[in-house]
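The primary structure of each chain is shown beneath.
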Amino acid sequence: MPSAYLTLLTISFGSVWIYLRASGDVPFVLGALTAVVCFIWGFALAPWLVQLFIIGLVLSLDKFYFSKAGRLGGN
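## Here's the deal with helix α1 (residues 3-21)
Moving on, step 1. An ideal rise of 1.5 Å per residue puts 27 Å on 19 residues; α1 measures up with 27 Å between its terminal C-alpha atoms.
Moving on, step 2. Every buried residue of α1 is listed here: Tyr5, Leu8, Ser12 and Ser15. Each buried residue of α1 lies within a common arc of 90 degrees when the element is viewed along its axis, so the set occupies one face. In α1, the exposed positions that point more than 90 degrees away from the buried face belong to Ser3, Thr10, Phe13, Trp17, Leu20 and Arg21.

## What about the UniProt feature "transmembrane region" (unreviewed entry) in the protein chain?
Moving on, step 1. On the UniProt side, "transmembrane region" (unreviewed entry) is annotated at positions that read residues 5-22 and 28-61 here.
Moving on, step 2. With 94% helix and 0% strand, the stretch residues 5-22 has end C-alpha atoms that lie 25 Å from each other.
Moving on, step 3. Along residues 28-61 one finds 94% helix and 0% strand; the C-alpha atoms at either end are 24 Å apart.

## Considerations on the environment of Ile55
Moving on, step 1. The residue Ile55 is located in helix α3 (residues 48-74) in this model.
Moving on, step 2. A sequence separation of 12 residues divides Ile55 from Phe43, and the C-alpha atoms of the two residues are 9.9 Å apart.

Quick notes on the rules
- Residues numbered from 1 in each chain as written.
- Predicted model: local features only at pLDDT ≥ 70, side-chain atom pairs only at ≥ 80, totals over all residues.
- Heavy atoms only, no water.
- Helix = DSSP H or I, 4+ residues; strand = E, 2+ residues; numbered from the N terminus.
- Expected span 1.5 Å × (residues − 1).
- Buried < 20%, exposed > 50% of the residue type's maximum accessible area, 1.4 Å probe, protein only.
- Arc of directions from axis to C-beta.
- UniProt positions renumbered as here; feature names shortened; annotations may be inferred.

See below:
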């Protein structure tokens, strides 16, 4: 894998960590924006096999989220 992809992925995870631990508005917004930008940029640089894996993971998480939300609604 290219080192740029791994670097952007590491920065993205670090930004998510800052986003979760931040209490003020500025670090909160900067952490979230940095994580989103680095993840999208890293996704664009990733090999197609990694891109397919990420898309599959996102689609499976989406189904998991909606199934849990449906159970909490009224059942």
